[in-house]
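Examination of the molecular architecture
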Amino acid sequence: MEIEKIEQYLLGKMNGEEAKAFEQVMASDHNLAESVAVQKEMMEGLERVGLKTDAQTGYRRYKLKMWASQIGIALGVLIIGAGIWYFVSLEDKKAYCICSEKEMATIEHSEDAMPNQPECIDTCPPAPMIETPIIESEIEEVTETAEDLKIITDTILEIDTIINIEVLDDEHYSVTGGGSDNSNMHQTGNDNAIQPEFPGGRSAMRQFIATNIRYPQNAFNQGITGTVEVSFSISETGQLGNYKIHKSVNNELDAEAMRIIKKMPKWSPGKVAGEPTSMNFILPIVFEIREE
Amino acid sequence: MNQAKIIAQLKGGDREKAFARLYRYFPKIERYIKMNSGSTEEALDIFQEALIVLYKKVQTISTHSEVNMDGFLVNTCKLLWSNELRKKKVRKNSGEDGLQQLAYADEIAEQVEKERKLSVIEEVLNDLGKTCKDMLNAFYYKRLSMDSIAKKFGYKTVQSAKTKKYKCMEHARKLAIAANEESNLKTSAL
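About the thresholds
Residues numbered from 1 in each chain as written. Chains lettered and ligands numbered in written order. Predicted model: local features only at pLDDT ≥ 70, side-chain atom pairs only at ≥ 80, totals over all residues. Helix = DSSP H or I, 4+ residues; strand = E, 2+ residues; numbered from the N terminus. Buried ≥ 20, exposed ≤ 12 C-beta atoms within 10 Å, placed from the backbone. Contact = placed C-beta atoms within 7 Å. Pairing = 2+ DSSP bridges. Nonpolar A, V, L, I, M, F, W, Y, C, P; charged D, E, K, R; others polar. Expected span 1.5 Å × (residues − 1). Core = buried A, V, L, I, M, F, W, Y, C linked by C-beta atoms within 7 Å. pLDDT = per-residue confidence, 0-100. Axes fitted to C-alpha atoms, helices over the stretch in contact; angles between N-to-C directions. Parallel < 35°, antiparallel > 145°, perpendicular 65-115°, else oblique. Left-handed = near helix turned anticlockwise from the far one by under 90°.

For the rest of this paragraph, the subject is the overall build of chain A. Along the backbone of chain A there are twelve helices and eight strands. For chain A, buried positions account for 34% of its 292 residues. Of all intrachain contacts in chain A linking residues separated by at least 6 positions in sequence, the fraction that spans at least 24 positions is 75%.

Below, the structure is given as C-alpha cells:
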C-alpha cells in the first residue's frame, strides 16, 4: 500500500537499502514524489495542530500557577468568603445587611444568640423586616415565609466563611411558630431555624467553589472583575433549583458563577421548627484579579 | 529559569510543561504588542505562534546549546508582529528598520513562512472529522503505538485500526491537494 510505504519512509522505519530503493522510485515517479511531499506536509501540519493544543494547555497551566502564587493557592483569584448569613425580607428583597465578620463570629460562638443580636442588627436595615405584613393565615404561611428567607454570603478575600442566621424579629417568629406566645418564640425560633447547608459545611463549599471555578478567559484578559450574586432555592429534600442571576457583572462571569452553583451537590435542607423547609439562598461569588 | 531543563522538556515530549514555563515571558510580549497597536488576543496568537517556531528551533539544537531562548522567543514575536502590522497596513515608523538586525532574524523568518503554509493543512485537518484528526494526531504527534490506538478508539484488531488510519491519511491527502490547488489559484489570480 502506497500510504503505508510512504509512512515508513517518512518515519525512518525503512532500512538503508529500502530507503535508497524507495528514493530511486521517487526520482522517476513524479506522482509518488508528490504524494510523499503531501504526506510529509500532513505530518508537519499534525505537529503544528498538536503543538498549538499543547501551547494552550501550557497557557492554562501558567495562569493557574500565576494565580496560585498570588495568594498562595488558586483560592487567590476568587474566594468565597467571609460571611454567609440570611435574613427575612418579604417586601424589600434587595435590602440586606452586612455584619462584620467579628460581629457574626460573636453571634455564632455564643451559646445564646439573643443578647448578641443587636450588635449585628445595628448595621442592618431592620425596617423591611418589621414592616412585613406576614400574618394572614397560620400554618400555610410557614412555608411561604421560610421561602423568603434570604441567605447572603459575602465573599471576601482571605477571610473565612462564616454562616450565620440573621436575627429574626418577633413578627416573623410568631409566624413560624404558628402564632404562639411571642416571648417564647424568640427562643424557639432561634433554636429551631436551621439554615440549609452545603454538604460538609462552609469550608467544603469554599473548597468546592475554589477547585471548580475558572476565571473566564476573556473576562480575565480584559480585567473584568466583580461580584456575581446567584439566587437559588434549596427544597425540603435539599435539591437546588430556581437558579437566577440576582446581580450580574457580565455574561461570562454570570455564566461561570451559574455553572458552579448548578454543579453543586444536594444540600442539607434548612429547617424551621424542626421541619425541613424550602428556602432561598443568595450566594455572591467574587471575581477578583490580584496583581502580584 | 533553567534553560537546559526547558530544552530537555521540549525535546523529550514534555511540551506542555515547557510551554507553561515559557509563558512567563508573555506579559512582556503583551505589553510590547499593546504598545504597538495590538490587543491581548493578538498577543496571545503571536506568542503561541512564536512558541511553535521556538519548538522547531529547539529540535535542531543540543540541550546545552548557547541559544538564548528568551531572546529567540522575543525576537520571533517582534518579527511576527511586524508581519501582522504589514498585513494590516499599519506602518510603524519606529522599530521596523531595526528588525532585520535581530538575532536569528532569517532563521525565524524562514520558519514563520513554513508555518504559514502549514496553516492550510491545519484547515484541512479541521475539515477531516474528529475521529480521523484525533487518530492521526495520536499516531503522528503523540507517537502512540497502533496497539494503544486500537484500544483507545475501540477497534477490535490492530489491523482494522491501521486500515482506518490509512484511510484517514488518504482522505486528508486528497483534501490537502485540493486545498493547495485552490490556494495556488488564488495566489495566481492575485
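With that settled, the discussion passes to the overall build of chain B. If you tally the helices and strands in chain B, you get nine helices and zero strands. The linear arrangement of helices and strands in chain B, starting from the amino end, is α-α-α-α-α-α-α-α-α. Restricting the contact set of chain B to residue pairs at least 6 apart, pairs at least 24 apart contribute 63%.

Residues and elements named next belong to chain A. Of the pairings in the sheet, the one linking strand S4 (residues 226–234) to strand S5 (residues 240–247) comprises five bridges and is antiparallel in character. Across the sheet, the residue bridging to Val230 is Ile245, located in S5. Counting the residues between successive antiparallel strands, the hairpin from S4 to S5 contains five residues, one of them, Gly238, with a positive phi of roughly 95 degrees.

Moving on, we come to the interface of chain B and chain A. In this complex, chain B contributes 28 residues to the contact, which on the side of chain A involves 27 residues. Contributing elements (two or more residues each) for the side of chain B that touches chain A: helix H2 (15–22), helix H4 (40–58), helix H6 (105–127), helix H7 (130–141) and helix H9 (158–189) of chain B. A per-element tally of the side of chain B that touches chain A places H9 of chain B first, with seven residues. Its residues assigned to classes, the side of chain B that touches chain A comprises 18 nonpolar, three polar and seven charged.

One non-glycine residue, Asn242 of chain A, lies in the positive phi region at around 50 degrees. Checked against the element boundaries, Asn242 of chain A lands in strand S5. Positive phi is not limited to glycine here, since Ser37 of chain B has a value of about 55 degrees. Looking at the element boundaries, Ser37 of chain B is found in the loop between helix H3 (26–35) and H4.

Another aspect to go through is helix H2 (residues 16–28) of chain A. In a regular helix each residue adds 1.5 Å, so 13 residues correspond to 18 Å; H2 of chain A covers 19 Å between its end C-alpha atoms and thus fits that length. Little of H2 of chain A is tucked away, with zero of its 13 residues classed as buried.

What follows concerns the nonpolar core. Ile46, Phe47, Ala50, Leu51, Leu54 and Cys77 of chain B are the most contacted members of the largest nonpolar core, which totals 33 residues. Tallying contributions element by element places H4 of chain B first for this core, with eleven residues. Within the second largest apolar cluster, 22 residues are counted, among which are Val38 of chain A together with Ile121, Tyr140 and Ala176 of chain B.

Our focus in this paragraph is the confidence of the model for chain B. On average, residues of chain B score 86 in pLDDT, and 92% of them reach the 70 mark or higher. For this predicted complex, the interface confidence reaches an ipTM of 0.88, while the overall pTM sits at 0.53.

The subject of this paragraph is the packing of helix H1 (residues 3–11) of chain B against H2 of chain B. Residues and elements named next belong to chain B. At a minimum axis separation of 7 Å, H1 and H2 run at an interaxial angle of 140 degrees. Between H1 and H2, the interaxial angle falls into the category oblique. In the crossing of H1 with H2, the sense of the turn from one axis to the other is left-handed. On H2, the residues that touch Ile6, Gln9 and Leu10 of H1 are Arg15, Lys17, Ala18, Arg21 and Leu22.

Residues and elements named next belong to chain A. On average, residues of chain A score 63 in pLDDT, and 55% of them are at 70 or above. Element-level mean pLDDT values for chain A span from 24 in strand S3 (residues 162–165) up to 91 in H2. Counted against residues more than four places away or in other chains, residues 72–191, with its pLDDT under 50, gives 212 contacts.

This part is about the packing of H4 of chain B against H6 of chain B. All names here are of chain B. In the contact formed by H4 and H6, the axes pass within 10 Å of each other and the chain directions differ by 115 degrees. As far as their axial angle goes, H6 and H4 are roughly perpendicular. Regarding H4 and H6, the two cross each other, and that crossing is right-handed. Residue-level contacts link Glu49, Ile52, Val53 and Lys56 of H4 to Ile108, Gln111, Val112 and Glu115 of H6.

What follows covers the pairing of S4 of chain A. Sheet topology note: the S4 of chain A/strand S8 (residues 279–287) of chain A ladder contains nine bridges and is antiparallel. Within the sheet, the bridge partner assigned to Phe232 of chain A lies in S8 of chain A and is Phe281 of chain A.

In this section: the environment of Val120 of chain B. Residues and elements named next belong to chain B. On the secondary structure map, Val120 appears in helix H6. Residue Val120 is classed as partly exposed on the basis of its 16 C-beta neighbours within 10 Å. For Val120, the residues in contact, after removing those within four places along its chain, are Ala179, Asn180 and Ser183.

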